[in-house]
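So the chains spell out like this:
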Amino acid sequence: MKDTARVVVIGGGVVGVSALYHLAKKGWKDVMLLERTELTAGSTWHAAGLLPLFNMSYSVGQLHQYSVELYKTLEAETEQNVSFHEVGNLRLATNRERMDEYRNYQCTAETIGVESHLIGVDEIKKLWPLINAEGLIGALWHPTDGHIAPVDLTMALAKGARMNGAAIHQQTQVTGIERDNNEWIVKTDKGDVRCEHVVSATGNYARQTALMVGLQIPAIPVEHQYIVTDVDPTLKAYREAGHKELPVLRESDSQYYFREERMGWILGPYERHAPACFVDGVPSTFEKDLFPGDLERLMPHVEACLNRVPSFESAGVKDIVNGPISYTPDGNPMVGPAFGLPNFWLSEGHSFGVTAAGGAGWQLANWIVDGQPSVDMIGVDPRRFGVVSKHFAKIKNEEAYEHVFINHFPMEERPAARPAKTTPAYHLLDKAGAVWGVRFGWERPNWFAPEGVAREDVLSFRRSNWFPHVGNEVATMRERVGLMELSSFAKYEVEGPGARAFLDNMVANIIPKKIGRMTLSHALNPSGSIRSEFTITRMADGLLGERFYLVGPGAGHDYDLDVLRKTMPKDGSVILTDVTTQYGVLVLAGPDARKVFQKLADADVSNEAFPWLTLQEIPVGFAPMVRALRVNFVGALGWELHHPIEYQEHLFKALMAAGAEYDIGLVGMRAMDSMRLEKTYRAWGTDLNAENSALEAGLNRFVRLNKGEFVGRDALVRQQADGVPYTYSTIEIDAEDADPFGNEPVFLNGNVIGRGTAGGYGHHVKKSLMLGYIKTEHAAIGTECQVRVLDQLRPARIIAESPYDPDNTALRA
């Protein structure tokens, strides 16, 4: 074994081998993989359907789709059988809500380019003649899906990696990982290997591997069981009569998948209360072992399957397989850079490992070799979790497992391990009727239930119980004055003699020169797509030189903090301080906001003294210093009040008291989202993403190509010369009882011309609105088109930006 490599991949399962294969395919020859046993270790699992699971993120959908395409061509490339059975995948529905979910899946499928069909009961019977269709109302049919043998796939990827120059070392135990002189030292029982990059793809050992480098990650396995039967005589007769293998069957409402296996069946339930395992690490005695099967836990699913497939009763149980399957708190894998560690990469938490392995290896290789992924990976980025502790992960991962087949509504808020992070005003908001949501671990009010109204979401893909109350909150802020709690904003201070140059090279906009002025700025990828978004304000100089206050999205905290730390100069000329939890944020906005604010502010807050897009540090109420920023995300006169967190309860009570005569009201996140849609305000992570450039996103006024060099400038200059392929657009939809949520396809003359990235109802303008990217040749204002909302192609049209207050009169009041 060589003692140097450019990349060391740790873990010889299908995920690790895929990473190795793709790195070698990109021309990096000096790459090696280390596996503690053999490549087939742990391959007791099977794949029951490979195509995108659209209840997951758009990112995951693209990874899954690429995996399918790769696996279909891999056999020809390597001459190694992968045992891919393209039998299709049939997802059954027994109620309208489930069909709505499938209609929503189909929207994502059309934007990615996956063939899918919504079918009725008669078509189900034709595709699956052995089924008892009683109680079914329809299904989602993926004809190009199927199942594959994990061991065969792993061996084909390994052969492909070796064919392209990669090395694989089995029976090699990694005992430690250290950092030395900008290199990693991977210690093994066969000697040390020095390398530039490390990829951790260790499955059930993920937390143990991460702890070797001082990293906490929320990857903890959960026990998963499936039943393998003997021959089913009815199935055997059906197949011997010349019929093809039946499609993979998923009855989501009974939480199981079902497919053929050697003239018998495999039944794979996702049971409730399946326990997490290896919370404190995998024991040294556990190699390829399994846990004892527990048939009693599976009986509700067995009985449901007996009802759906009567011949299942004739097939005796051959085996109950019960083993660990890696999970994360949201069920999506972690693929990308590790927080705080240079050139240390994760591909862990793959609960659907075979399904996503191809795509994960593809994008990880792109990230390592090219410096960025080629598709947006925010939905699987390892830095997306606000809480990563072992105790949190155990609870959330068990919840994620039992939610695999739960109907995934767009407004779903899962209850386990909450509340985790709260602000001092939490109990006041709770008393006021807050219906809570969570983002990056922070509890945030989604909406407020008036007295006598149940404090709960009635989940649906259509307008539901919160709709009128959110409308009232919008009216409060548009017509009078409202108060929002947004302390989850990420906040940083950047100071030092090199601070300006550092920020100037990082973002596309100019850096403000005048103290108190702010700019909306975007850090770009080399391709010109959006990496981060900040408001940057010039503060009074600090002891070390110029000082700036950066505010970014709360969900991007670890992502942005990691990038800032990794890209800042290492010569001490820049000091970065994370002040997120030092400052709470209350947003006061609406036509009467100035009247309320003036009562408590020890300063002149008139338009002349405190103009739009400025910051002042002033006393407010009992708080000796509040950073008041005249900016907000709803498009109204107002201020973000960034205050020392210890004063939050006082300020909340004082603002509510001062606003009483103006009928002040509390406003939640769903109302804020409605108002930002009315202003065509882009949100980071969805509208602003790693796939679309700043020019495509319509951020031209925030991009100063003539200011000098910055990351992504060259790509934007080229795109400007060649033509911008997509245009960020606002679309009005003739909706009835359902609005878009994002990922809906846009059609013109039967062809997909774009997709939505956000959507909902604009309660003030009384329009169903969607924001998204449209092919530029079709993006003219006034273009009539269609948008798929659930099962209907709704009439729609492209309208001008900012249907509410396009001249920003309210903002500047």
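Structure shown above.
Residues numbered from 1 in each chain as written. Predicted model: local features only at pLDDT ≥ 70, side-chain atom pairs only at ≥ 80, totals over all residues. Heavy atoms only, no water.

For the pair helix H15 (residues 593-600) and helix H16 (residues 648-658), the least separation of the axes is 9 Å and the interaxial angle reads 125 degrees. The angle between H15 and H16 places the two elements in the oblique class. In this structure, H15 crosses over H16, and the sense of that crossing is right-handed. Taken together, the residues of H16 that come into contact with H15 (itself represented by Val596, Lys599 and Leu600) are Ala654, Leu655 and Ala658. Taken together, the residues that form the contact of H15 with H16 break down as 5 nonpolar, no polar and 1 charged. (Axes fitted to C-alpha atoms, helices over the stretch in contact; angles between N-to-C directions. Helix = DSSP H or I, 4+ residues; strand = E, 2+ residues; numbered from the N terminus. Parallel < 35°, antiparallel > 145°, perpendicular 65-115°, else oblique. Left-handed = near helix turned anticlockwise from the far one by under 90°. Contact = heavy atoms within 4.5 Å. Nonpolar A, V, L, I, M, F, W, Y, C, P; charged D, E, K, R; others polar.)

This part takes up the sheet that holds strand E20 (residues 490-495). Within the open sheet, the 5 strands sit side by side as E21-E22-E23-E20-E24. Their pairing is antiparallel. The sheet terminates laterally at strand E21 (518-524) and strand E24 (575-578), the two strands that pair on one side only. When the angles between neighbouring strand axes are averaged without regard to direction, this sheet yields 30 degrees. Where E20 and E24 come together, 4 bridges link them in antiparallel fashion. Looking at the pairing, Glu493 lines up with Thr577 of E24. Against the sheet, helix H13 (residues 499-506) contacts E20, E21, strand E22 (530-542) and strand E23 (545-552), and its axis sits at roughly 35 degrees relative to E23. (Pairing = 2+ DSSP bridges.)

Here 6 strands make up an open sheet; going across it, the order is E26-E27-E28-E25-E19-E29 and the pairing mixed. The open sheet is flanked by strand E26 (615-620) and strand E29 (665-666), the only strands paired with a single partner. Judged from the 4 bridges that link them, strand E19 (residues 482-485) and strand E25 (residues 583-589) form a sheet pairing that is antiparallel. Residue pairing across strands places Gly482 opposite Ala589, the latter belonging to E25. Against the sheet, H15 engages E25, E26, strand E27 (623-629) and strand E28 (638-644), with an angle of about 30 degrees to E28. Against the sheet, H16 makes contact with E19, E25, E26, E27, E28 and E29, and its axis sits at roughly 10 degrees relative to E25, the strand it touches most.

Within the sequence span of helix H18 (residues 713-722), burial applies to Ala715, Leu716 and Gln719. Down the axis of H18, the smallest arc covering the buried residues is 95 degrees, so these residues share one side. Of the residues in H18, the exposed ones pointing more than 90 degrees away from the buried face are Arg718 and Ala721. On the buried face of H18, the contacting elements are E21. Backbone geometry just after H18 places Gly723 at a positive phi near 110 degrees. (Buried < 20%, exposed > 50% of the residue type's maximum accessible area, 1.4 Å probe, protein only. Arc of directions from axis to C-beta.)

To continue, consider the pairing of strand E33 (residues 767-775). A regular strand places its side chains so that they alternate between the two faces of the sheet. Within E33, 7 of the 9 residues are buried, which leaves the element mostly enclosed by the surrounding structure. Relative to E33, strand E30 (residues 726-733) runs antiparallel, the two sharing 8 bridges. Within the sheet, the bridge partner assigned to Thr727 lies in E33 and is Ile774. For strand E32 (residues 751-762) and E33, the ladder comprises 8 bridges, and the chain directions are antiparallel.

Once that is clear, we can look at the environment of Val746. Position of Val746 relative to the elements: it lies in strand E31 (residues 745-748). A sequence separation of 51 residues divides Val746 from Arg797, and the C-alpha atoms of the two residues are 10.0 Å apart. Every residue in contact with Val746, bar those within four places of it in the chain, is listed here: Ile731, Asn751, Val752, Ile753, Gly754, Arg755, Met770, Ile774, Cys785, Gln786 and Val787.

Our focus in this paragraph is the pairing of strand E1 (residues 4-10). Counting buried positions over the 7 residues of E1 gives 5, a clear majority of the element. Taken together, the 6 bridges between E1 and strand E9 (residues 191-200) define a ladder with parallel strand orientation. Looking at E9, one finds that Val9 is bridged to Val199. Bridge analysis of E1 against strand E2 (residues 31-34) gives 4 bridges, and the strand direction is parallel. The residue bridging Val8 from the neighbouring strand is Met32, located in E2. Following the backbone out of E1, through helix H1 (residues 14-25) and into the adjacent parallel E2, one traces a crossover that is right-handed. (Right-handed = clockwise from strand over helix to strand, strands pointing away.)

Our focus in this paragraph is the packing of H1 against helix H9 (residues 353-370). Where H1 meets H9, the axes come as close as 8 Å, and the angle between the chain directions of the two elements is 40 degrees. On the basis of their axis angle, the class for H1 and H9 is oblique. The hand of the H1/H9 crossing is right-handed. Note on element contacts: H9 touches H1 through Gly353, Val354, Ala357, Gly358, Gly361, Trp362, Leu364, Ala365, Ile368 and Val369, opposite Val14, Val15, Ser18, Ala19, His22 and Leu23.

For the rest of this paragraph, the subject is the nonpolar core. Of all hydrophobic cores here, the largest spans 44 residues; its most connected members are Leu20, Val31, Leu74, Leu153, Leu157 and Val199. Of all elements in the fold, only E1, H1, E2, helix H2 (58-78), helix H5 (150-163) and H9 reach the threshold of two or more residues within this core. Element by element, the count of residues in this core is highest for H1, at 8 residues. Those residues in contact with Leu157, other than ones at most four positions away along the chain, are Val14, Val17, Ser18, Tyr21, Leu70 and Leu74. One finds Leu428, Leu586, Ala654 and Ala658 within the second-largest nonpolar core, a separate group that totals 33 residues. (Core = buried A, V, L, I, M, F, W, Y, C linked by side-chain atoms within 4.5 Å.)

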